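Each chain, written out:
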Amino acid sequence: MIRQQMNKLVLGALLVVFLIQPAAADLFKATEFTLSNGMRGVVVENHKAPIIKHMVWYQVGAVDETPEQFGLAHLLEHLMFRGTTRVENGEFNRIINELGAESNAFTGYDVTAYHQFADIKQLEALMALEADRMQNLNLTQQDFDSEQKIVFQERKQVVENNPAAAFNERFSMMLHGNSRYGRPIGGFDADIKGLTLAQAQQFYRQFYAPNNAILVLSGDIDAPTAQQLAEKYYGIVSPKNITRAEPDEKFTPFAADLTMALPNIQAPKIIDKYLLPNYRQLSGNVYAYAVLAEYLGGGETSALYRDLVLEQKVAVGVSVDFHFVTRGNSVFSVSMLPAEDISPVEARELLYAAVTKAMSGLTTEKLKQTQRKMTADLVYVNDNPEDAAYWIGTMLSNGFNLSDIENYAANIEKINLKDVQAAYRAVMQASKTSGTLLPENYQAPAPRQTVSNGGKNEQKTR
Amino acid sequence: MSRRHAKPKGFGYYFSRVVLLGLFLFGGKMYGPQLWEYYNKPPKLPIDEILAQSPLKDKKFASTVQIIATDKLKAYFMEEHSNPIVSVDFRFEHAGEANEPEDKGGITTILAEMLTAGAGKWNERQFKDLCAEHGIKIGFAASLDDFTGHLQFPRQYQQTAVALFQAVIKQPHFNDDYLQTVQQQMLMMQKLQQERPEKVLMNKYKEFIFAGHPYERNPLGTAESVSSITRNDLEDFRQQYLAQDNLIISIAGDLTTKEAATLLQNLFQNLPEKSMGEKLQPLDLTSDGTEYPIERKNAQAIAQFSAAGTFRNNVDFYPLYMANYIFGESGLNARLNKVIREDNGLTYGIYTYLSITDAAAQIRGGFSATPENFAAAKDLLYAEWRRLAQEGISQQELDAAKKSLLASYNLRFAAIDDIAAMLTMMQKFKLGADFLDKRNDYITEVSLLEVNAAAKKYFNNLPDIVYIGAITSEDKK
């Protein structure tokens, strides 16, 4: 597609380059397999140290909950540590500790993952434990009650103790509308308190099965042994008939504003998020948005940081991010922490003036520089075996193919100036939610007398 | 094989031993539903047998730590060729936040930012672009006691990395305009600290527990101190505190010993010989269960507690380490989490750890709980604290803890930068280049008697506790 868009001269030059350079190496050189019961597996060999990251990613998450189940996927993730017909409550944590393994789990909108990091000699025990709780979960009312309380405390600690939490949750609801992606993964207080043991058991029976899971092994193991062990422990678990609906995120285009003043907030913050189609609908161009985000606001060498923070000094921080590893809509976000003497209204004008300026100043050379920055760190991804496991697990369980990951560098490098400009136009036309978080009783400062360069004279984007 | 994982015996075994005995003692009474359930219950997962038959056997990471030296400097080095990357970790001792001149609070954090903001022939943009485009990472940070730094680079860009790093050491620009930006950011960070209850708590904790000592200060300084810092202050601090005699260096990765020695020679040139920094005198941190409540309205109250601990080379270190591991450092299996989280659901988590800085050896911990749960969680913490002092731990708990700590040994070799950082801490704590060979013996040799003596000694006094959000001014009214 992209090559077709180029003129013949450029195409010719590129072909020469392709001929004399060896094909870009696969990022992880991972091996894929599928077990007889439909469970998928991926192995990344990393023989530096005799250790292994063992992860099982279930293709189920908060989006699979019905409204009366909000928070259930996350609560069930907790309950998975509570015992099975073959491992009593408390024993799982005791055994894991004796194996010297680091163990945890997490729940997302689209996936739920369980994982351990351990010495390679413990792997079979970990696989046996994980395969056991894939099929034999055995919950008592007492375990459920304790874990429901813990999950409630988790929400208070991780979400509500952050003074911006109320803003973030409301912002997300405005951005995603009625979709499950607009509500917190773990549910609100009332959601958590309304859940029952019977619901957890039913959800477990419905979604936990080998054919709905992806095994990721990264570390000191060869692919044939890994597959053989996977077959031995996971291959004997019975598959289930599982139907999973595609996330329904239809929306009518909109532009919304949310301004909130909250206690304990000390300084204004602005954040704009744009809702875009999911990565399948965006096709290969998904990486153009990633490159665009990196060019504009990926760290302290980015265009916006240099303009707004270093030169104009109208912000102390600015960041642009593109979130696309999800089955739902992708989200392009722009956020800024204005300098003390800049009001949020002024900040937003300056921000978009700087965006416009950065886009008109984008050349092929600058684009290539951004792409080099994005691929330069890939040399480190095969160091810690945990990195490969998370990366591969996240992408595969959200529906990407292994080749999408292995070819990551090429996917970034093939993006050209036109792709990035098209991505930018699409973002600017997308539905947008503008958020402003203010301290209570906030008084906007008087406008600055002088601005160090002409940012303010630029045309406003929106 | 542990008793809990004993292989399930066959029906015949139980019939002969249990059922016949039962028939003899109780007549037909044992033929009830309980017995039926017993036989139909799936067998326990036989973890020990699974491991015994596994072809994946014990392997020890080949961890040879070499000492390399130039005429003025030495470093620990671990050769590791799996990936074409090199990691250098280093720290200037006694040059951290606690060593800042009192009216220049925040200077070490500012210095850390300023060192990579242009150096030698490169301005800030050129310097950071070169790093980003080649995967070269050069960074500095202030810790409580030391000024720390790291350098990481892909082997193929070693020349560029070394040139950039040399410029930082020899000739940082300390550009005034960039300094202004960093000061602006520091002032904002000071404000933002007030937004998060956990940050307010940590600052208050330092003020209460380290009162009168440099450790009590806010690491970000004050608005006045940050605003007063000039280019000359940075230059003075650099000359006075970043020297050869307080520098610890470690290198790990894709180099031969000879290449590592050359790298060492090239990286740290032109440093002054002597540093002004001095090690701070140890603090007496004996606790007596004092409570320091801070008023604030939070979703949850957050607590930070501590008692006196022991320094790294003290004979009590490993015994106390084991006691604390069982008490609060072994995750969901730790005593505190089992009682306060798993059994009672009062908190999302509670932890303890041994905190060791130049002047403070502590047992430290923290948890958070909604205000209505807070007192109950705190009481259970105190009850477990006293129980550990009075009753100690069991042989079974010690054996399990040893098993865990020996089994997790190899995990420390996951990432090359973590290996380099570990080599640095081995030097800082004077553990010796052969520490990794001896570490498992240190764990194995700890006796129950020693652990329980340490538990009695260090958990005798209740910890001091600082907490925020358990009470609000509204409650008081």
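It should be emphasised that the depicted structure is a prediction, and the values quoted were computed from it without experimental measurement.

(A) Main features of the sheet that holds strand β11 (residues 431-439) of chain A. All names here are of chain A. With mixed pairing, five strands are arranged side by side in an open sheet as β7-β11-β8-β10-β9. At either margin of the open sheet sits one strand with a lone partner, and together these are β7 (255-262) and β9 (315-323). Adjacent strand axes in the sheet meet at a mean angle of 10°, parallel and antiparallel pairs treated alike. Of the strands in this sheet, β9 and β10 (330-338) are in contact with helix α12 (residues 286-297), which crosses β9 at around 175°.

(B) How the structure looks around the confidence of the model for chain B. With 90% of its residues at a pLDDT of 70 or more, chain B has an overall mean of 92. For this predicted complex, the interface confidence comes out at an ipTM of 0.90, alongside a pTM of 0.91.

(C) The arrangement of the domain arrangement of chain A in detail. Residue and element names in this part refer to chain A. As assigned here, chain A comprises domain 1 (31-233) and domain 2 (255-457). Here the C-alpha centroids of domain 1 and domain 2 sit 30 Å apart. Taken together, the 30 residues of domain 1 in the interface contact 26 residues of domain 2. Listed by contribution, the elements that provide at least two residues to the side of domain 1 that touches domain 2 are β2 (40-45), β3 (51-58), β5 (112-119), α7 (165-176) and β6 (213-219). The element that contributes the greatest number of residues to the side of domain 1 that touches domain 2 is α7, accounting for six residues. Residue composition of the side of domain 1 that touches domain 2, by class: 21 nonpolar, five polar and four charged.

(D) Here's a closer look at the interface of chain B and chain A. Contacts between chain B and chain A engage 66 residues on the former and 64 residues on the latter. Elements that contribute at least two residues to the side of chain B that touches chain A include exactly α3 (47-53), α5 (124-134), α7 (176-193), α13 (335-343), β10 (361-369) and α15 (395-407) of chain B. In the side of chain B that touches chain A, the residues fall into 28 nonpolar, 21 polar and 17 charged.

(E) Spotlight on the sheet that holds β10(B). Residue and element names in this part refer to chain B. In spatial order, the strands read β7-β11-β8-β10-β9; together these five strands make up an open sheet with mixed pairing. Looking at strand neighbours, the two that pair on one side only are β7 (291-294) and β9 (350-356), the edges of this open sheet. Neighbour to neighbour, the strand axes of the sheet diverge by 15° on average, direction disregarded. Relative to β10, β9 is paired through seven bridges, and the arrangement is antiparallel.

(F) Here's a closer look at unusual backbone geometry. Residues other than glycine seldom take positive phi values, yet K29(A) does so here, at roughly 50°. Within the fold, K29(A) resides in the loop between α2 (8-20) and β1 (31-34). Unlike most non-glycine residues, N270(B) shows phi in positive territory, near 65°.

(G) How the structure looks around helix α6 (residues 158-170) of chain B. Residues and elements named next belong to chain B. Over its 13 residues, α6 runs 18 Å from end to end, which matches the ideal 18 Å to within 8%, given 1.5 Å per residue. For α6, every residue scored as buried is listed here: A161, L164, F165 and V168. Each buried residue of α6 sits inside an arc of 95° when the element is viewed along its axis, so together they form one side. Seen from the open side of α6, the exposed residues pointing more than 90 degrees away from its buried face are Q159 and K170. Buried positions along α6 lie against α5, β4 (137-142), β5 (147-154) and α11 (257-267).

(H) Up close: the domain arrangement of chain B. Residues and elements named next belong to chain B. Per the domain assignment, the segments making up chain B are domain 1 (3-53), domain 2 (66-267) and domain 3 (291-476). The C-alpha centroid of domain 3 is placed 29 Å from the C-alpha centroid of domain 2. Facing the 31 residues of domain 2 at the interface are 26 residues of domain 3. Going through the elements one at a time, β2 (74-79), β3 (85-92), β5, α8 (197-209) and β6 (247-253) are the ones with two or more residues in the side of domain 2 that touches domain 3. By residue number, the principal contributor to the side of domain 2 that touches domain 3 is α8, which donates nine residues. A class-by-class count of the residues in the side of domain 2 that touches domain 3 yields 18 nonpolar, seven polar and six charged.

The rules we used
- Residues numbered from 1 in each chain as written.
- Chains lettered and ligands numbered in written order.
- Predicted model: local features only at pLDDT ≥ 70, side-chain atom pairs only at ≥ 80, totals over all residues.
- Pairing = 2+ DSSP bridges.
- Helix = DSSP H or I, 4+ residues; strand = E, 2+ residues; numbered from the N terminus.
- Axes fitted to C-alpha atoms, helices over the stretch in contact; angles between N-to-C directions.
- Contact = placed C-beta atoms within 7 Å.
- pLDDT = per-residue confidence, 0-100.
- Domains from an automatic or database assignment.
- Nonpolar A, V, L, I, M, F, W, Y, C, P; charged D, E, K, R; others polar.
- Expected span 1.5 Å × (residues − 1).
- Buried ≥ 20, exposed ≤ 12 C-beta atoms within 10 Å, placed from the backbone.
- Arc of directions from axis to C-beta.

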